Amino acid sequence: MHDCSNVCTTVLTLSDRMSSRGGGTSLTRRNYRLSSDSDKARATGIVNEKLLSDYLHHVFPSTKHGPVASLRKPLGFQDLGGHLENLLSEEEPSEEIRDQPVEGRLGPQPVVLDHTSGFEGLLFVDDDLLGVIGHSNFSSIRATTCVYKGKWAYEVLISSQGLMQIGWCTLNCRFNQEEGVGDTPDSYAYDGNRVRKWNVTTTNYGKSWAAGDIVSCLIDLDEGTITFCLNGQSLGTAFTNIKTGPGVAYFPSISLSFKESVAFNFGSRPLRYPVDGYLPLQNPPTSDLLKAQKLLGYVKNVLCSAIDTQEDRLLETDCAMWSLNGEPTVLITLAHIFNHFAPLMCKVYLVEDVLMNFLLGILEGGGSVDEHPLIQQLLDLFWLLMEDYEVNECLKQLMMSLLRAYRFSPIIPDLGFQIHYLRLTTAVLHHEKSRKYLLNNVLFDVLRSVVFFYIKTPLRVKEAGLEELIPTTWWPTHFDKEGKDERECKDESPDERLRRRAYERGCQRLKKRIEVVEELQVQILRLLLNNKDKTTGEASRYIFLNKFRKFLQENASNRGHPTALCPPEYMVCFLHRLITAVRTCWDEGNRKSLGSVRSEEAYVPPQLFYNGKVDYFDLQRLGGLLSHLKKTLKDDLASKANIIIDPAEIQAASMDDLDEDEESGAAQRPFGAAMGGALARPSWLSSPTLGRANRFLSTAAVSLMTPRRPLTQPEKVKVRTLAVEQRTEEDIEGSHGNDGLLLGRPVEEPEQPLADKSLLEIVDGIVMMYNLSVHQQLGKMVVVSDDVHEYAVALKDTEEKIARCPARRSDILDELQKSQKVFSEKLNHLSRRLAWINATIYSKEKMLDVYWLLCVCIRTIEHADNTGSLFAFTPEFYLNVAMNAYSALKNYFSPANSMEELPGYEETLTQLAAILAKHFADPRIVGTDIKDSLMQALASYVCYPQSLRAVERIPEEQRVAMMRNLLAPYEQRPWAQTNWILVRLWRGCGFGYRYTRLPHLLKTKPEDANLPSLQSK
């Protein structure tokens, strides 16, 4: 790119001019022109005038039948501007036709939601007035434009699958918190949650919808009918003989319950599923669309042709291999095209309909993204020939269109749509300058880019093609005494074995297809985690890190405002892809550093928790509030970590001054100020951001000494805690004796190199993500497995009843057989859906991710524990994630995957047992909730043989200390909690489940009576 820029500069003069368009003054644009006649010779010296004319006529062919090539008027660069203007105006409709109002429609253009007077209840509406979230019992809103004649359509993008009624209403309809669209005489609605249609009364209609579906709403006012489509498939005519005539006009409208969200497309973007004969409510930009398609055609002509100056002829070339070599003739030609093309690429409709489809077409040939360099060349061209503000807007609209297309594409067996859009996203992010602009300004600030890492679960198995992918279904038919599935059943019949194996093969086929999507998602994250691309400013990883931290803050600080939170199903997928990408980067970086810690042994060093370099918002620490800890442990910080707290800062953040400090803390933190208002984000689909800045970390300033301890008095270095977005690479990685994130290393912490410090903070963020919502979601998705189990038990019970039913009771037999058919159909559906969930959420690889997270937490807690009193600075969520991750591995991933198969499983159980045994009564932990959680986890641990044996394996002195702490509550303190544990420990020779009878009643001494036990202590 630099070479071509230099060549272009020698040939062309770049002049900035103000040009008038549409009656107004536009921003400056780059205009390449020949500066003098002498430049003409330089520019065309390698191309004679005839060849140049042939080339330009080839690139810009006229659609009118003119003279043959030999009689054509010669064309040069001086005439090209006028020639191009004539070509673009050839088929352009006249202003009278263009401005003529469309019959049958009333209202302003563009069409948006009526947020001034056309709503009822509480709603959040996006900045573009197209996305909406319900915030009261049953809220309603209509559009600004109505129709009274003709055939019209609009689309609704479903973001949540809850209670909503979507359709049409007249101006006379009056809604309230109980009645919405479809509940009044002149309103009509489709409800995919309850699978019904509504017009005062209700009947069954259509199919159930899911998040990620698109509902098309069609009204034919000539025939008096209303029809709905789901993902382009007609659900049939819903209503006939609707009221029409003078004074009757219908508005697009919706009623939705609390937290439900959708986005409307009235025609501001191309309709995803257009229907012949039906017009969108908003006029498409027909004139601009024709121009953009023509100009893109000219660009393609440039890409597919070359000039052979030696032979004086034009050559047809493969456009896929085109490169920006800085040829003057080509660059000047492209500059003329982009003079018209660039302003059009700022319009969302044209970006989606013209540019995105063109770029997708480049990738249609298959192969890796690296095998399609043309997209990189085109992006170079964009940055060279377009103004920065034009490229910025174009890239923003392109990514928004890609994300929307990815999110609202239907699931098909090969996941072709999702792969298609992810490949183009990857190709765009491969371009360094584009990637950094998008990271800095779009991916987290405007878009909900986490959506790119989500794979939605199909609600309708048949449409997703799972019947073809998994033709044979299977479910457990043998259960133990407790009603649980038996993993290895000896009584399995040959037919059952064949069905199970066929089902497992189908599950493997599905898993392989899902892995293709997951690999593309990891590729995107690895591009964002690139820390080598420093030629154009700050490396991508450090931009990502700061945006990621702000994302965590938004989700940690808005627990009471669900509309601002990332949905947990997205968090689960994002967490797994991020773990894979981070571990790959960790191991790749450490191959060059001998003796460094591998990702399997990763942990977060304790100094991150107290040196003020990482913002933990207002999350609770084990020892209480951060301001309190800095006040009470300032001497320990100075002696153990060479960190001295500024007394003025302690006073400012003291508990007595919290009320007065609220405003000043927010003012000092730009992000906090931004979070208080509404950010311009298009949503989950919507996002009025409701965050609160954490005053404790933002106002704390510390004086740090160098972590090495020379004999002489160490020099003090003043370091002020920076807001997340202000941090640079040096603040994170450190340089020249500055340890960055690892400032303040305690003597107990080894000097062994870990990894890039930026990766340590991302690992810390991953642990926080799991605590915020991932664990909750893992528990929620188990319901499908539970449903399969319940239906399987019911089916087996029904089949046993059929076998026992007397032949004379045919009436009972018929009812039982009907029940058997219902249960079988439901199990066929659920078993295929469960295969999808097992592949995306509960696979062996996902289990290993959660296990790795458990090990990270255990090692982090152990290292923090070694720092003595500084352990109090550790965030509570590390202990929570350790306990919850173990619970997830034990309860959510079985029986498909077993914990016993995990590497180092017994040792990890023992380490966790030691943590629970030591810290449930740790005086450094002050929070009552975390103390109760530790006690409950220990009680659960001693209830099961495997974890019980892990408690037995912890060092003897820790077991003795644990018993003393368990008995301590009897000393005039509540003791109910500890009784639960003590009863289990005192049964048998120390632990339950060892004997069927108490040992002192046995006549012969048991063989293992001499084993160490807690009772003998």
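The sections below set out a description of the structure shown in this document.

Further remarks concern the overall build of the protein chain. Counting its secondary structure elements, the protein chain contains 32 helices and 26 strands. Every one of the 1017 residues in the protein chain was classed for burial, and the buried ones make up 54%. Considering only residue pairs separated by 6 or more positions, the protein chain has 74% of its internal contacts joining residues 24 or more positions apart. Of the roughly 44900 Å² that the protein chain leaves accessible, carbon and sulfur atoms contribute 51%.

Glancing now at the packing of aromatic side chains. As enumerated under the stated definition, the model contains 31 aromatic pairs in all. When the centroid spacing of 6.2 Å and the interplanar angle of 70° are considered together, the rings of Tyr205 and Phe228 count as edge-to-face. One end of the pair, Tyr205, is in the loop between β15 (201-204) and β16 (214-220); the other, Phe228, is in strand β17 (residues 225-230), and 23 residues separate them in sequence. By relative accessible area, which is 0% here, Phe228 ends up buried. For the ring pair Phe877 and Tyr878, a centre distance of 4.9 Å and an interplane angle of 25° mean the geometry is stacked. Judged by relative accessible area, Phe877 falls into the buried class, the value being 3%. Judged by relative accessible area, Tyr878 falls into the buried class, the value being 0%. In this structure an aromatic cluster arises from ring pairing among Phe444, Phe453, Phe544, Phe548, Phe551 and Phe574. Looking at Arg549, its charged tip hangs above the ring of Tyr616, at a distance of 5.2 Å from the centre. The residue whose ring lies beneath Lys890 is Tyr944, and the NZ or CZ to ring-centre distance is 3.5 Å.

Right, let's get into the packing of helix α8 (residues 348-362) against helix α11 (residues 416-430). Closest axis-to-axis distance for the α8/α11 pair is 10 Å, and the angle between their directions is 95°. By the criterion of interaxial angle, the relationship of α8 to α11 is roughly perpendicular. Between α8 and α11, the residues in contact are Met356, Leu359 and Leu360 and His420, Tyr421 and Leu424, respectively. For the contact of α8 with α11, the class distribution of residues is 5 nonpolar, 1 polar and no charged.

The next subject is the nonpolar core. One finds Ile337, Phe544, Phe574, Leu578, Ile762 and Tyr770 to be the most contacted residues of the largest nonpolar core, which totals 236 residues. The biggest single contributor to this core is helix α24 (residues 757-804), with 18 residues. In this view, Leu578 contacts Leu525, Phe544, Phe548, Ile762, Ile766 and Met769; residues no more than four positions away in its chain are not counted.

For the rest of this paragraph, the subject is the pattern of salt bridges. Pairing between side chains becomes possible if they bear opposite charge and their charged atoms approach one another. In the structure shown here, the tally under the stated rule is 29 salt bridges. For Asp865, the salt bridge is made with Arg924, and the minimal N-O distance between the two is 2.5 Å. With Asp865 in helix α26 (residues 844-865) and Arg924 in the loop between α28 (905-919) and α29 (928-941), this residue pair connects regions lying 59 residues apart in the sequence. No difference in accessibility class separates Asp865 from Arg924, as the two residues are buried. A cluster of three or more residues bridged by salt bridges with shared partners is formed by Arg583, Arg598, Glu600 and Glu601.

For helix α15 (residues 540-557), which comprises 18 residues, the first-to-last C-alpha distance of 26 Å matches the rise-based estimate of 26 Å (1.5 Å per residue) to within 8%. The element α15 is largely enclosed, with a buried count of 18 among its 18 residues.

Turning to unusual backbone geometry, a few remarks are in order. Between Gln109 and Pro110 the backbone carries a cis peptide bond, its omega angle lying at 0°. Structurally, Pro110 can be placed in the loop between β5 (105-106) and β6 (119-120). At Leu129, a residue that is not glycine, the phi angle is positive and equals roughly 60°. Structurally, the position occupied by Leu129 is in the loop between β7 (123-125) and β8 (131-134). Phi angles above zero are rare outside glycine, and Lys259 is one such case at about 75°. Mapped onto the fold, Lys259 is located in the loop between β19 (251-257) and β20 (261-265).

So, on to the side chain of Thr184. With respect to the secondary-structure elements, Thr184 resides in the loop between β12 (164-169) and β13 (187-191). Look past the residues within four positions of Thr184 in its chain and what remains in contact with it is Cys173, Arg174, Phe175, Asn199 and Val200.

Turning our attention to the pairing of strand β23 (residues 313-316). As paired elements, strand β22 (residues 305-308) and β23 share 4 bridges and run antiparallel to each other. Its bridge partner being in β23, Ala306 is matched across the sheet by Leu315. Linking β22 back to β23 in an antiparallel pair, the connection comprises 4 residues, with Asp312 at a positive phi of about 55°.

So, on to the sheet that holds β12. Strand order in the open sheet formed by 7 strands is β6-β9-β19-β12-β13-β14-β15, with antiparallel pairing between adjacent strands. Looking along the sheet, the strands with just one partner apiece sit at the ends: β6 and β15. The pairing of strand β14 (residues 196-199) with β15 spans 4 bridges and is antiparallel. Each residue of the ladder has a partner; that of Lys197, found in β15, is Thr203.

A contiguous patch of positive charge on the surface is contributed by Arg501, Arg505, Arg509 and Arg513. Note that Arg513 resides in helix α14 (residues 494-528). A relative accessible area of 32% means that Arg513 is categorised as partly exposed.

Our next topic: the packing of α28 against α29. Where α28 meets α29, the axes come as close as 9 Å, and the angle between the chain directions of the two elements is 135°. Taken together, the axes of α28 and α29 are oblique relative to one another. Of the two possible hands of crossing, α28 and α29 adopt the one that is left-handed. Here Leu909, Leu912, Ala913, Leu916, Ala917 and His919 of α28 come into contact with α29, specifically with Leu934, Ala937, Leu938 and Tyr941. Partitioning the contact of α28 with α29 into residue classes produces 9 nonpolar, 1 polar and no charged.

About the cut-offs
- In every chain, residue numbers begin from 1 and rise along the written sequence.
- Per-residue local features of the predicted model are confined to residues with pLDDT of at least 70, and side-chain atom pairs are confined, for both listing and counting, to 80 or more; whole-chain, interface and lining totals are unaffected and use all residues.
- Side-chain metrics in this entry use all non-hydrogen atoms of the structure; hydrogen atoms and water are not considered.
- Helix numbers and strand numbers start at the N terminus; a helix is a DSSP run of H or I with at least 4 residues, a strand a run of E with at least 2.
- A 1.4 Å probe rolled over the protein chains alone gives each residue an accessible area, and that area as a share of the maximum for its type sets the label: buried under 20%, exposed over 50%, partly exposed in between.
- Between two residues, a contact is recorded if the distance between any of their heavy atoms is within 4.5 Å.
- Surface accessibility follows the Shrake-Rupley procedure with a 1.4 Å probe radius. Residue values consider only the protein chains on display as shielding.
- Classification of ring pairs rests on two measures: the distance between centres of Phe, Tyr or Trp rings, Trp counted by its six-membered ring, which must be within 6.5 Å, and the angle between planes, read as stacked under 30 degrees, edge-to-face over 60 and tilted in between.
- A ring is scored as having a charge over it whenever the NZ atom of a lysine or the CZ atom of an arginine sits within 6 Å of its centre and within 35 degrees of its normal.
- Working convention: axes come from line fits to C-alpha atoms, limited for helices to the stretch in contact. Angles between N-to-C directions cover 0 to 180 degrees.
- Should an angle fall under 35 degrees it is called roughly parallel, over 145 degrees roughly antiparallel, and 65 to 115 degrees roughly perpendicular, with every other angle called oblique.
- Ten residue types, Ala, Val, Leu, Ile, Met, Phe, Trp, Tyr, Cys and Pro, are classed as nonpolar, four, Asp, Glu, Lys and Arg, as charged, and the remainder, Gly among them, as polar.
- Working definition of a nonpolar core: buried Ala, Val, Leu, Ile, Met, Phe, Trp, Tyr and Cys residues. They are joined through side-chain atoms within 4.5 Å.
- Salt-bridge detection follows one rule: a side-chain nitrogen of Lys or Arg within 4 Å of a carboxyl oxygen of Asp or Glu.
- Expected span of a helix: the number of residues minus one, times 1.5 Å.
- Criterion used throughout: strands pair if DSSP finds at least two bridges between them.
- Patches draw on residues past 30% relative accessible area with no salt bridge. Two like charges within 9 Å are joined, as are two nonpolar side chains (Val, Leu, Ile, Met, Phe, Trp, Tyr) within 5 Å.
- The charge count treats Lys and Arg as positive and Asp and Glu as negative. His and the chain ends do not count.
- Think of each charge as sitting on NZ of Lys, CZ of Arg, CG of Asp or CD of Glu.
- Less than a right angle of anticlockwise turn of the near helix away from the far helix marks a crossing as left-handed, whereas a clockwise turn marks it as right-handed.

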